[in-house]
Amino acid sequence: MTEPRIVYIRESIAEAHRIEAKNHRLRDFLETKLPELHSAITLPNGNGLDALLQFVTHYIEHVPDFIEALYELTKSAGVYKYAKTFLTIAEDYFFEPPELLQGRDGLLALVDEAYLAHRLIEEVNDRVMMASGLPLAPMDMTLSNIVVHDILGDEFANQLDLAVHYSIESLFETDSFFRNAHFEDYLRHHNNNNWQHAIERWPCLAGDSAISLKLKQHPQSNLIH
């Protein structure tokens, strides 16, 4: 990660907001998806479209926040060279989107790119958890990704998932990442303090209640961040 690349992503998001303010394509797209949402996803009565638009917008905006936070965390722990590959891939989705993403613009285009980045981070986090029993970072985007997967539709979202798996399998050196002593120390340190310092510095890692969506089967507790 370099500062100019993160600045570029943030500028791309800002420009997408300007486009959306003119053509409202993301809002129109989400409006068509409302009747098709999975029955498990419950939106507020009366303003479901606004809630969904806010959720998706924050989902996009969190990408550079997550990348920046993971960069700082792994850099300070001395394991950035092992994390650099997948963080660069996440950035590259914004710089060089896969061909299957062509034909959209504004925030509507960035939904696809954000999904790729979030799914990549989720997959790496899951692999770290499976290998060590501890997460790479405290964020859990699983439920949010499920919602966006549903919005994009199974056929298209599954294609994006395959692109993520290809990126990891072909470019991410799993063994050297997990077996590094510095990396093991990093996991133990943050697990011991329950990620308190990291979350205090990057609140985005803990989720954002402003973009919460309740699931019907767990109305009191389970939230989508």
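About the cut-offs
- Residues numbered from 1 in each chain as written.
- Predicted model: local features only at pLDDT ≥ 70, side-chain atom pairs only at ≥ 80, totals over all residues.
- Heavy atoms only, no water.
- Helix = DSSP H or I, 4+ residues; strand = E, 2+ residues; numbered from the N terminus.
- Buried < 20%, exposed > 50% of the residue type's maximum accessible area, 1.4 Å probe, protein only.
- Contact = heavy atoms within 4.5 Å.
- Areas by Shrake-Rupley, 256 points an atom, 1.4 Å probe, with all protein chains shown as cover.
- 1 Å grid on protein atoms, 1.4 Å probe; cavity = no way out; pocket = protein on both sides within 12 Å on 5 of 7 lines; lining within 4 Å.
- Points joined across faces, edges and corners; volume = space filled by probe spheres on them.
- Nonpolar A, V, L, I, M, F, W, Y, C, P; charged D, E, K, R; others polar.
- Salt bridge = Lys/Arg side-chain N within 4 Å of Asp/Glu carboxyl O.
- Expected span 1.5 Å × (residues − 1).
- Bend = angle between axes of the 7 residues up to and from the residue.
- Phe/Tyr/Trp six-rings, centres within 6.5 Å; stacked < 30°, edge-to-face > 60°.
- Lys NZ or Arg CZ within 6 Å of the ring centre and 35° of its normal.
- Core = buried A, V, L, I, M, F, W, Y, C linked by side-chain atoms within 4.5 Å.

Student: Before we go on, may I ask you to explain the overall build of the protein chain in this structure?
Tutor: In terms of helices and strands, the protein chain carries 10 helices and 3 strands. For the protein chain, the succession of helices and strands along the chain, N to C, is α-α-β-α-α-α-α-α-α-α-α-β-β. Across the 225 residues that make up the protein chain, the buried fraction comes to 50%. In the protein chain, 75% of the contacts between residues at least 6 apart in sequence involve partners at least 24 apart. Element-wise, carbon and sulfur atoms account for 50% of the exposed surface of the protein chain, whose accessible area totals about 11300 Å².

Student: Explanation requested: the layout of surface pockets in the structure shown.
Tutor: Unfilled space is identified by rolling a water-sized probe across the atoms. If you add up the space inside the largest pocket, you get close to 150 Å³. A breakdown of the residues in the lining of the largest pocket according to their chemical character gives 7 nonpolar, 3 polar and 3 charged.

Student: Sorry, what's going on with unusual backbone geometry here?
Tutor: With glycine set apart, most residues show a phi of negative sign, and most peptide bonds adopt trans. Phi at His24 is positive, roughly 55 degrees, even though this residue is not glycine. In this fold, His24 is placed in the loop between α1 (3–23) and α2 (25–33).

Student: What should I look at first to understand the pattern of salt bridges in this one?
Tutor: Pairing is possible between side chains of opposite charge, provided their charged atoms come close. Within this structure, the stated rule accounts for 11 salt bridges. For the salt bridge of Asp50 with Arg27, the shortest nitrogen-to-oxygen distance reads 2.8 Å. Placement of the pair is Asp50 in helix α3 (residues 48–77) and Arg27 in helix α2, with a sequence separation of 23 residues. One salt bridge in this structure joins Arg119 and Glu123, with 3.1 Å as the shortest N-O distance. Within this pair, Arg119 and its partner Glu123 are both found in helix α5 (residues 106–132), separated by 4 residues, close to a single helical turn. Here the residues in one salt-bridge network are Arg119, Glu122, Glu123 and Asp161, joined through shared partners.

Student: For this particular structure, what's the right way to read α3?
Tutor: In an α-helix, one full turn covers 3.6 residues, which means residues spaced three or four apart are oriented alike. The end-to-end C-alpha distance of α3, which contains 30 residues, comes to 42 Å, matching closely the 44 Å that a straight helix rising 1.5 Å per residue would cover. Its maximal kink placed at His62, α3 deviates by approximately 30 degrees, while the proline Pro64 follows within four residues. By the criterion of burial, α3 is predominantly enclosed, with 21 of the 30 residues buried. Gly78 sits one or two residues past α3 and shows a positive phi near 80 degrees.

Student: Can you walk me through the environment of Ile13 in this structure?
Tutor: For Ile13, the location among the structural elements is in helix α1. Put simply, Ile13 and Thr57 are 44 residues apart on the chain and 9.4 Å apart in space, counted from C-alpha to C-alpha. Once residues within four sequence positions are removed from consideration, Ile13 is found in contact with Ile60, Glu61, Pro64, Leu107 and Leu110.

Student: What is the right way to read α5 from this model?
Tutor: End to end, α5 covers 39 Å across 27 residues, agreeing with the expected 39 Å (1.5 Å per residue, within 8%). Immediately beyond the C-terminal end of α5, within one or two residues, lies Gly133, with a positive phi of roughly 85 degrees.

Student: Looking at this structure, how should I read the packing of aromatic side chains?
Tutor: Within a pair of aromatic rings, the relevant descriptors are the distance that separates the centres and the angle that separates the planes. Applying the stated criterion across every chain yields a total of 3 aromatic pairs. One cation-aromatic arrangement involves Arg5 over Phe95; the distance from NZ or CZ to the ring centre is 4.3 Å.

Student: What should I look at first to understand the nonpolar core in this one?
Tutor: The nonpolar side chains of a soluble globular protein tend to be buried, and buried together. Membership of the largest hydrophobic core comes to 69 residues, with the highest contact counts inside it found for Leu30 and Leu205. Residue assignment for this core shows that the elements contributing at least two residues are α1, α2, α3, α4 (80–95), α5, α6 (142–152), α7 (154–171) and α9 (181–192). If one sorts the elements of this core by residue count, α3 sits on top with 14 residues. Dropping the residues within four chain positions of it, Leu205 is found in contact with Phe66, Ala69, Leu73, Pro138, Met139 and Ala198.

Student: Explain the environment of Val7 to me, please; I cannot follow it from the model alone.
Tutor: Assignment of secondary structure puts Val7 in helix α1. On a C-alpha basis, the gap between Val7 and Pro64 in space is 8.6 Å, while along the polypeptide they are 57 residues apart.

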